[in-house]
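Okay, here's what each chain looks like letter by letter:
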Amino acid sequence: THQSGHNSGVIHSGIYYTPGSLKARLCVRGASLLYEYCDSKGIPYKQCGKEIPRLQALYERGLQNNVPGLQIINAKQIREKEPYCRGEEVYCKYVLTCGGLFSDRLSQISGCNPEPRIVPFRGDYLVLKPEKCYLVKGNIYPVPNPRFPFLGVHFTPRMDGNVWLGPNAVLAFKREGYKLCDFNTRDFTEAVTYSGLHKLVLKNLVYGMGEMYRAFSLKAQLKELQKFIPELSVSDIVRGPSGVRAQALDRDGNLVDDFVFDGGSGDIASRILHVRNAPSPAATSSLAIAEMITSEAEERFGL
């Protein structure tokens, strides 16, 4: 319902990532597994060149399949429906956490290093109006600029026929802040007082200010899009959905680009395996990540 449910829906090919890195290996392996999985389960996808859009989460599939009464309920709602059922405590021998936007806090609870810290960045999408979707046939991506930490705007055709444009990348004032006005005091304070963020901002000041400006101005975003499709006009686009990227950042202001797995020490913490950082293309790599986590858990816990 959060980071995974708000991504662009693209299955990545793996061409952007550092050769030999864990991210590159898991992305390529994960994409292959995803294609096999989608084929075996009859899940539709569209191959249109560089990337493949639309990996649907289980909940989204249920909605599209018109499953009646489908909803996600929290602990309070469980108690209302089943007063003798307790959702607050779970007793187990081993624990695996994949906390996304809260992965750093979960890790620190079990005594792990506070680094890397998660700093939330919101990505806002624009959407092409239906009558203009003919302008985009496949995925259009910019060549990545190694001087900047984010990829930049791109064009993503969706399985439902819509075309998403973007996303941008701006600091979110709440870890689950999908709207521009969303704010959480603790999340905001932790982010703006973190030395790693200060150094990241200083290294990318002009780029960051440009991203903030474009977040408020459709015309400014349009100029970036017109570099690829000059025929676009402001009347062709509308504001679309947003997602929040759980960006791991070290104290030196470096974005942690690869997957990070961690575990605590001591009798209890040693029984916990944390997925500390699972950046894009984590959805593409998900089944390969599952293989790796399974192997790591078997070795670490002697399963």
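Procedures and definitions
Residues numbered from 1 in each chain as written. Predicted model: local features only at pLDDT ≥ 70, side-chain atom pairs only at ≥ 80, totals over all residues. Heavy atoms only, no water. Helix = DSSP H or I, 4+ residues; strand = E, 2+ residues; numbered from the N terminus. Buried < 20%, exposed > 50% of the residue type's maximum accessible area, 1.4 Å probe, protein only. Contact = heavy atoms within 4.5 Å. Areas by Shrake-Rupley, 256 points an atom, 1.4 Å probe, with all protein chains shown as cover. Expected span 1.5 Å × (residues − 1). Arc of directions from axis to C-beta. Salt bridge = Lys/Arg side-chain N within 4 Å of Asp/Glu carboxyl O. Pairing = 2+ DSSP bridges. Axes fitted to C-alpha atoms, helices over the stretch in contact; angles between N-to-C directions. Parallel < 35°, antiparallel > 145°, perpendicular 65-115°, else oblique. Nonpolar A, V, L, I, M, F, W, Y, C, P; charged D, E, K, R; others polar.

> Sorry if this is basic, but what is going on with the overall build of the chain here?
Within the chain one finds 9 helices and 10 strands. Here the chain holds 303 residues, and 40% of them are scored as buried. Long-range pairs, those at least 24 residues apart, make up 69% of the contacts in the chain with a sequence separation of at least 6. Within the structure as shown, the chain displays about 16600 Å² of accessible surface, and the carbon and sulfur contribution to it stands at 57%.

> Is there a simple way to think about helix α7 (residues 205–216) in this case?
Each turn of an α-helix holds 3.6 residues, which means side chains three or four residues apart point in the same direction. Between its terminal C-alpha atoms α7 stretches 17 Å, which fits the 16 Å expected from 12 residues at 1.5 Å a residue. Considered for burial, the residues of α7 that qualify are Y207, G210, E211, R214 and A215. Projected onto a plane normal to the axis of α7, the buried residues spread over an arc of 140° and lie on a single side. Seen from the buried face of α7, the exposed residues on the opposite side, beyond 90 degrees, are V206, M209, Y213 and F216. Tucked inside the fold, the buried residues of α7 contact β4 (117–128), β7 (170–171), α8 (218–225) and β8 (237–249).

> What is the right way to read the pattern of salt bridges from this model?
Pairing between side chains of opposite charge can happen when their charged atoms approach one another. The final tally for this structure, using the stated rule, is 16 salt bridges. Across the pair R105 and E190 runs a salt bridge whose closest N-O atoms are separated by 3.1 Å. Note that R105 is positioned in helix α4 (residues 103–109) and E190 in helix α5 (residues 185–192), a separation of 85 residues in sequence. Two residues, R276 and D262, come together in a salt bridge whose shortest N-O distance is 3.0 Å. On the criterion of sequence distance, the pair formed by R276 in strand β10 (residues 272–277) and D262 in strand β9 (residues 260–263) is long-range, its members being 14 residues apart. Among the residues examined, R276 registers a relative accessible area of 2% and is labelled buried. The network of salt bridges with common partners includes D104, R105, R175, R186, D187 and E190.

> Just to check I follow, could you spell out unusual backbone geometry for this structure?
Negative phi values dominate among residues other than glycine, just as trans dominates among peptide bonds. Of note, the amide linkage connecting E115 to P116 takes the cis form, showing an omega dihedral of 0°. Relative to the helices and strands, P116 is located in the loop between α4 and β4.

> Where do I start with the pairing of strand β6 (residues 163–166) in this structure?
Within a regular strand, the side chains alternate between the two sheet faces. The sheet contact formed by β4 and β6 spans 2 bridges and is antiparallel. The residue of β6 that forms the bridge with V127 is W164. Examined bridge by bridge, strand β5 (residues 154–157) and β6 share 4 bridges and lie antiparallel to one another. Counterpart to H154 in the pairing with β6 is G166. Counting the residues in the hairpin turn of β5 and β6 gives 5 residues, including G161, whose phi is positive at 95°.

> Just checking my understanding: could you explain the sheet that holds strand β3 (residues 95–97) for this structure?
The strands making up a sheet are joined through hydrogen bonds of the backbone, oriented either antiparallel or parallel. Strands sit in the order β3-β10-β9 across an open sheet of 3 strands; the sheet is mixed. The open sheet has two edge strands, β3 and β9, and neither has a second partner. Pairs of neighbouring strands in the sheet enclose a mean axial angle of 20°, with direction left out of account. Relative to the sheet, helix α9 (residues 282–301) contacts β3, β9 and β10, its axis offset from that of β10 by approximately 145°.

> Would you mind showing me how to read the environment of N139 here?
Along the chain, N139 turns up in the loop between β4 and β5. Exposure remark for N139: the relative accessible area of 12% places this residue in the buried category. Along the chain, N139 and V163 lie 24 residues apart, while their C-alpha atoms are 9.5 Å from each other.

> Just to check I follow, could you spell out the environment of R186 for this structure?
Its place among the elements puts R186 in helix α5. What makes R186 partly exposed here is its relative accessible area of 49%. Along the chain, R186 and K174 lie 12 residues apart, while their C-alpha atoms are 8.3 Å from each other.

> What is the right way to read the packing of α7 against α8 from this model?
Helix-helix packing is described using two parameters, namely the angle between the two axes and the distance between the axes. Where α7 contacts α8, the two axes come as close as 5 Å, and the packing angle between them is 115°. For the element pair α7 / α8, the angle class is roughly perpendicular. Facing α7, whose interface residues are Y213, R214, A215 and F216, α8 presents L218, A220, Q221 and E224. Residues of the contact of α7 with α8, tallied by class, amount to 5 nonpolar, 1 polar and 2 charged.

> In this structure, what is going on with α8? I would like to understand it.
Listed as buried for α8 are A220, Q221, L222 and L225. Tucked inside the fold, the buried residues of α8 contact β4, β5, β6, α7 and β8.

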